[in-house]
Amino acid sequence: SQQGEEDPQALSIQEGENATMNCSYKTSINNLQWYRQNSGRGLVHLILIRSNEREKHSGRLRVTLDTSKKSSSLLITASRAADTASYFCAKIRLSGGYNKLIFGAGTRLAVHP
Amino acid sequence: EAQVTQNPRYLITVTGKKLTVTCSQNMNHEYMSWYRQDPGLGLRQIYYSMNVEVTDKGDVPEGYKVSRKEKRNFPLILESPSPNQTSLYFCASSLVTSGSYEQYFGPGTRLTVT
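It should be emphasised that the depicted structure is a prediction, and the values quoted were computed from it without experimental measurement. (Residues numbered from 1 in each chain as written. Chains lettered and ligands numbered in written order. Predicted model: local features only at pLDDT ≥ 70, side-chain atom pairs only at ≥ 80, totals over all residues. Heavy atoms only, no water.)

1. Some thoughts on the overall build of chain B
Alright, step 1. In terms of regular secondary structure, chain B is built from zero helices and 11 strands.
Alright, step 2. Computed over its C-alpha atoms, the radius of gyration of chain B comes to 13 Å, within 12% of the 13 Å expected for a compact globule of 114 residues.
Alright, step 3. A principal-axis box enclosing the C-alpha atoms of chain B has dimensions of 40 × 30 × 25 Å.
Alright, step 4. Buried positions account for 50% of the 114 residues belonging to chain B.
Alright, step 5. Within chain B, residue pairs in contact and separated by at least 24 positions form 54% of the contacts whose partners lie at least 6 positions apart. (Helix = DSSP H or I, 4+ residues; strand = E, 2+ residues; numbered from the N terminus. Rg over C-alpha atoms; globule rule 2.2 N^0.38 Å. Buried < 20%, exposed > 50% of the residue type's maximum accessible area, 1.4 Å probe, protein only. Contact = heavy atoms within 4.5 Å.)

Have a look at this one:
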């Protein structure tokens, strides 16, 4: 089964508003990553947060991790139309002796001018 | 420029006609992987490779083959494509030794099997 499930599935906001996406997982992690995908394109790594970190920033992105709730959130502040994309969380899970990256189904973000 | 390349980008083929999608990376990454992306299902891993001559099945390996004869290349082979393999395919690579497993993705190959 997929782990790293995002919520909501879709989000529509106006430019300038903040966008928050959430990700839950079921088993313990080493780190959790967020990726962005523009329509039909490859995924691009945005930010990584390790299991011993609670919050991380990168430009207008803020990621939090709550290991007790097994959840993470991605906040995009002051959104722009160019932020329109799908966002995926991915967690590392030890599987068969190696660290496997598990992706969720993603959140589709639409930012309207 | 560090990148992962895939070819072809678009392919329409018929059931049963063998095809190969190539993947190449120029970052000397040990780890390479193939995913397929279908609406509502996110990315599902087909096969992965930890290094040259080391490959293993992912979550949805049926109907696919891979090989890793060189570190930079990781082709995906569909011996007898079927319509349920119509999908968007991504190759990705990462450094194993970094510990972060940040993956670099290719631009994708959109495959249609009729």
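Now, onward.
2. Notes on the pairing of strand β1 (residues 4-7) of chain B
All names here are of chain B.
Alright, step 1. Along β1, the buried face is formed by Val 4 and Gln 6; none of Thr 5 and Asn 7, which line the opposite face, is buried.
Alright, step 2. With four bridges connecting them, β1 and strand β3 (residues 19-25) associate as antiparallel partners. Counted as the bridge partner of Thr 5 is Ser 24 from β3. (Pairing = 2+ DSSP bridges.)

3. Details of the sheet that holds strand β7 (residues 61-66) of chain A
All names here are of chain A.
Alright, step 1. Strand order in the open sheet formed by five strands is β1-β3-β8-β7-β6, with antiparallel pairing between adjacent strands. Of all the strands in the sheet, just β1 (5-7) and β6 (55-58) have a single pairing partner and so form its edges. The average angle at which neighbouring strand axes cross in this sheet is 20°, direction not considered.
Alright, step 2. Across six bridges, the pairing between β7 and strand β8 (residues 71-76) is antiparallel. Across the sheet, Val 63 pairs through a bridge with Leu 74, a residue of β8. (Axes fitted to C-alpha atoms, helices over the stretch in contact; angles between N-to-C directions.)

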